[in-house]
Amino acid sequence: MRSDLRAKIVEVCDKKIAAKGSTVGLSFYAFFANKNDDPERLMEAATWWIQTHELDHFEKAQKIKGMIKDGL
């Protein structure tokens, strides 16, 4: 996954955790605007989330941030 997408995921996770606490969940859609303005990047995140790691639709932001930080 490209580094700018990884940075965006960490940023969004940090904001969600700060706003709602360490148990907040999110889906990969949280990293994008409500309109599909970057389909290639959306598919990259979806592939990482669904195919590569077989994650549930909603996962804890803390878990996703940890996975990104660990280079997964």
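Our subject in this report is the structure included herewith. Note that this is a predicted model, so its numbers are computed, not measured.

The rules we used
- Residues numbered from 1 in each chain as written.
- Predicted model: local features only at pLDDT ≥ 70, side-chain atom pairs only at ≥ 80, totals over all residues.
- Heavy atoms only, no water.
- Helix = DSSP H or I, 4+ residues; strand = E, 2+ residues; numbered from the N terminus.
- Contact = heavy atoms within 4.5 Å.
- Areas by Shrake-Rupley, 256 points an atom, 1.4 Å probe, with all protein chains shown as cover.
- Lys, Arg positive; Asp, Glu negative; His and termini not counted.
- Charge placed at Lys NZ, Arg CZ, Asp CG, Glu CD.
- Expected span 1.5 Å × (residues − 1).
- Buried < 20%, exposed > 50% of the residue type's maximum accessible area, 1.4 Å probe, protein only.
- Phe/Tyr/Trp six-rings, centres within 6.5 Å; stacked < 30°, edge-to-face > 60°.
- Axes fitted to C-alpha atoms, helices over the stretch in contact; angles between N-to-C directions.
- Parallel < 35°, antiparallel > 145°, perpendicular 65-115°, else oblique.
- Left-handed = near helix turned anticlockwise from the far one by under 90°.
- Nonpolar A, V, L, I, M, F, W, Y, C, P; charged D, E, K, R; others polar.

What follows concerns the overall build of the chain. A count of helical and extended segments in the chain gives three helices and two strands. Going residue by residue from the N terminus, the α and β elements of the chain occur as α-β-α-β-α. Dimensions of the chain along its principal axes, counting C-alpha atoms only, are 30 × 25 × 20 Å. Taking all contacts inside the chain whose residues are at least 6 apart in sequence as the whole, residues at least 24 apart take part in 55%. Roughly 4,600 Å² of accessible area belongs to the chain as shown, and the carbon and sulfur atoms make up 50% of that amount. Side-chain charges in the chain split into 12 positive and 11 negative, and the spacing between the mean points of these groups amounts to 6 Å.

Between the first and last C-alpha of helix H2 (residues 39-52) there are 18 Å, a value that for 14 residues agrees with the 20 Å anticipated at 1.5 Å per step. For H2, every residue scored as buried is listed here: Arg41, Leu42, Ala45, Ala46, Trp48 and Trp49. Considering only its buried residues, H2 is in contact with helix H1 (3-20), strand S1 (25-26), strand S2 (59-60) and helix H3 (61-69). In the segment just after H2, glutamate 54 is the residue with positive phi, at about 50°.

Bringing the packing of aromatic side chains into the picture now. In total, this model carries four aromatic pairs according to the counting rule given. Members of the aromatic cluster, joined through ring pairs, are Phe28, Tyr29, Phe31, Trp48 and Trp49.

Attention now goes to the packing of H1 against H3. Between two packed helices, both the angle of their axes relative to each other and the distance between the axes serve to describe the pair. Relative orientation of the contacting elements H1 and H3 amounts to 150°, with a least axis distance of 9 Å. On the basis of their axis angle, the class for H1 and H3 is roughly antiparallel. Note that H1 runs across H3; the crossing there is left-handed. Contact with H1, carried on its side by Arg6, Ile9, Val10, Cys13, Asp14 and Ile17, involves Ala61, Gln62, Ile64, Lys65, Ile68 and Lys69 of H3 and no other residues of that element. In the contact of H1 with H3, the residues fall into seven nonpolar, one polar and four charged.

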